[in-house]
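# Architecture at a glance
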Amino acid sequence: MDVQRIWVLTGKEIRLGLTSFMSIYVLVAPVVLSLLVALIFGDLFAQTPRLGIFDAGGNETLVQALADHPSIQTRSYASQAALEAAVARGSVEWGMSLEADFANVLREGGTVARTNTYRWGEAGTRNLMLIETAVARAVVEATGLVFDELPISVEVVQLGEASAATWSQRLLPLLLIMAIVLSGLFIPSSSLVDEKQKGTLVALTTTPASLLDVYLAKTAVGFILSGLMALIILALNNAFAGNPGLLLLVIALGGLMSSILGVILGSWSRDMETFMGIIKVLGLVLYAPGILEIFPQVPQWIGRVFPTYYIMNPLLEISRNAARFADIAADLAILLGFIAVLAFVLAREIQRQQQQLALEG
């Protein structure tokens, strides 16, 4: 092994490899998806807040005031059961069941007006605050009373599972895995398969560079690019927080695991069709932890079955919860175990390839 030769080969791989369609795709795809998530889910799920109302009668003025409010979208329901069903499935984020002559009771005073309200479990805090403000304003306009003096008793019932995570936050784990795995795995493996198909891999081994130098250079390319892509995705999603040093450590370990796996798969693949077939089989295994994070109701222990969980979870713990080394030490130990196993497999594969080249020579 020669460090200088490895460095020269790494530079060549970066210069030539980044011009291929596969390299451009795997580098651009996570960034484009991240921007689309920020654009679509950042606005779509933060649109005009949705309020549902069931009026038992006599509250037309109040209902109309809410319907005319510019900051919320108001829907009326024919029964309380229909209102509760709409809130439970998320058609509206907040529901109000108004007793008969609710507004008149408020206006006349002397009696406490009662209303049941229903909150969708996944409703965002921003939207709930906007709805509450709009309701308070509409009640004041409909009754002519001062808000602080309103004799109202409110009982809030939550419908549906509570979830504080936005869709952007739910999709971030999948984007992180894509950024690290796509670049760390695809680029060195596709480069290696291309070298084998063109016959240049054998030609390289006739130079002073050894097969080990070539494989390590390809591993280094995947390692560098996967780390860079992970940093870009974290920055685009405003998730670059916590302990920067620890964050870089996890990214480096994740990139190392992905790039070693990529070189192994590239070495095992005779051509690009074989490689893509392997990826189709492994794709679900690699992306499963990120997919499972989209659905909070799925038990968290399932994600621990998959290797990429031990890249994703430490990154999320550091960026979201400012985790310290002790908090993620167990995950990092398992990740190092995977890296050690893959490094052993790669070493054996290089030895096998060297023996095969010697026989062919």
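Here is a short report on the structure shown in this document. (Residues numbered from 1 in each chain as written. Predicted model: local features only at pLDDT ≥ 70, side-chain atom pairs only at ≥ 80, totals over all residues. Heavy atoms only, no water.)

Along the backbone of the chain there are 13 helices and five strands. Long-range contacts, defined as pairs at least 24 residues apart, comprise 77% of the intrachain contacts of the chain with a sequence gap of at least 6. A total accessible area of about 17,800 Å² is found for the chain, and carbon and sulfur atoms account for 62% of it. (Helix = DSSP H or I, 4+ residues; strand = E, 2+ residues; numbered from the N terminus. Contact = heavy atoms within 4.5 Å. Areas by Shrake-Rupley, 256 points an atom, 1.4 Å probe, with all protein chains shown as cover.)

All right, on to the packing of helix H11 (residues 272-293) against helix H12 (residues 309-321) then. Running from N to C, H11 and H12 point in directions that differ by 40 degrees, and their axes come no closer than 8 Å. Regarding the angle of H11 to H12, the classification is oblique. Listed contacts from H12 to Pro 289, Gly 290 and Glu 293 of H11 are Tyr 309, Met 312, Leu 316 and Arg 320. In terms of residue class, the contact of H11 with H12 is made up of four nonpolar, one polar and two charged. (Axes fitted to C-alpha atoms, helices over the stretch in contact; angles between N-to-C directions. Parallel < 35°, antiparallel > 145°, perpendicular 65-115°, else oblique. Nonpolar A, V, L, I, M, F, W, Y, C, P; charged D, E, K, R; others polar.)

Below, the discussion takes up the pattern of salt bridges. This structure, assessed with the given rule, holds three salt bridges. A salt bridge links Asp 327 to Arg 324, with the nearest nitrogen and oxygen atoms 3.9 Å apart. Given a relative accessible area of 60%, Arg 324 falls into the exposed group. Across the salt bridge formed by Arg 352 and Glu 349, the nearest N and O atoms sit 2.5 Å from each other. A residue pair is termed a helical-turn pair when its members lie 3 or 4 positions apart in one helix, as Arg 352 and Glu 349 do in helix H13 (residues 325-360) at three residues. Its relative accessible area of 6% is what places Glu 349 among the buried residues. (Salt bridge = Lys/Arg side-chain N within 4 Å of Asp/Glu carboxyl O. Buried < 20%, exposed > 50% of the residue type's maximum accessible area, 1.4 Å probe, protein only.)

Counting 56 residues, the largest nonpolar core has Leu 185, Tyr 215, Leu 315 and Leu 335 as its most contacted members. Looking at this core, the elements that each hand over two or more residues are helix H7 (167-198), helix H9 (211-236), helix H10 (244-268), H11, H12 and H13. Counting residues per element, this core draws most heavily on H7, at 16 residues. (Core = buried A, V, L, I, M, F, W, Y, C linked by side-chain atoms within 4.5 Å.)

Before going further, it helps to spend a moment on the packing of aromatic side chains. Applying the stated criterion across every chain yields a total of three aromatic pairs. Ring geometry for Phe 186 and Phe 275: centres 5.7 Å apart, planes at 80 degrees, overall edge-to-face. One end of the pair, Phe 186, is in helix H7; the other, Phe 275, is in helix H11, and 89 residues separate them in sequence. Accessibility expressed as a relative area gives 0% for Phe 275, which makes it buried. An angle of 40 degrees between the planes, with centres 6.2 Å apart, marks the rings of Tyr 310 and Phe 338 as tilted. Here Phe 338 lies in helix H13 and Tyr 310 lies in helix H12, a separation of 28 residues in the sequence. Overall, the relative accessible area of 6% leaves Tyr 310 in the buried class. An aromatic cluster of three or more residues is present, and its members are Tyr 309, Tyr 310 and Phe 338. (Phe/Tyr/Trp six-rings, centres within 6.5 Å; stacked < 30°, edge-to-face > 60°.)

Helical geometry note: an α-helix holds 3.6 residues per turn, so side chains three or four residues apart project in the same direction. Taking 1.5 Å of rise per residue, the 25 residues of H10 would be expected to cover 36 Å, and the 36 Å separating its terminal C-alpha atoms lies within 8% of that figure. For H10, a buried count of 18 out of 25 residues is recorded, marking the element as mostly surrounded by other parts of the structure. (Expected span 1.5 Å × (residues − 1).)

Turning our attention to the packing of H9 against H10. Contact geometry of H9 with H10 gives a least axis separation of 8 Å together with a crossing angle of 135 degrees. Of the possible angle classes, the one that applies to H9 and H10 is oblique. H10 is crossed by H9, and the crossing has right-handed handedness. Contacts between H9 and H10 involve Tyr 215, Lys 218, Thr 219, Gly 222, Phe 223, Ser 226, Gly 227, Ala 230, Leu 231 and Leu 234 from the former and Leu 247, Leu 248, Ile 251, Ala 252, Gly 255, Leu 256, Ser 259, Ile 260, Val 263 and Ser 267 from the latter. Classifying every residue of the contact of H9 with H10 gives twelve nonpolar, seven polar and one charged. (Left-handed = near helix turned anticlockwise from the far one by under 90°.)

Before going further, it helps to spend a moment on the pairing of strand S3 (residues 94-98). With five of five residues buried, S3 lies mostly within the body of the structure. Of the two faces of S3, the one carrying Trp 94, Met 96 and Leu 98 and the one carrying Gly 95 and Ser 97 are both buried. Note: strand S1 (residues 50-55) against S3, five bridges, orientation parallel. For Phe 54, the partnering residue across the bridge sits in S3 and is Ser 97. (Pairing = 2+ DSSP bridges.)

This paragraph deals with the side chain of Ser 189. The topology assignment puts Ser 189 in helix H7. On the accessibility criterion, Ser 189 (0% relative accessible area) is buried. Within polar-contact distance, the side chain of Ser 189 engages the backbone oxygen of Phe 186 at 3.0 Å. Other than its neighbours up to four places away in sequence, Ser 189 contacts Gly 262, Gly 266 and Phe 275. (Polar contact = N/O pair within 3.5 Å; in protein donor to acceptor, adjacent residues only side chain to side chain.)

In a regular helix each residue adds 1.5 Å, so 13 residues correspond to 18 Å; H12 covers 17 Å between its end C-alpha atoms and thus fits that length. For H12, the tally of buried residues reaches ten of 13 residues, placing the bulk of the element in the interior. Looking one or two residues beyond H12, the residue adopting positive phi is Ala 322, at roughly 55 degrees.

Note that all results are geometric; they support no functional claim without further evidence.
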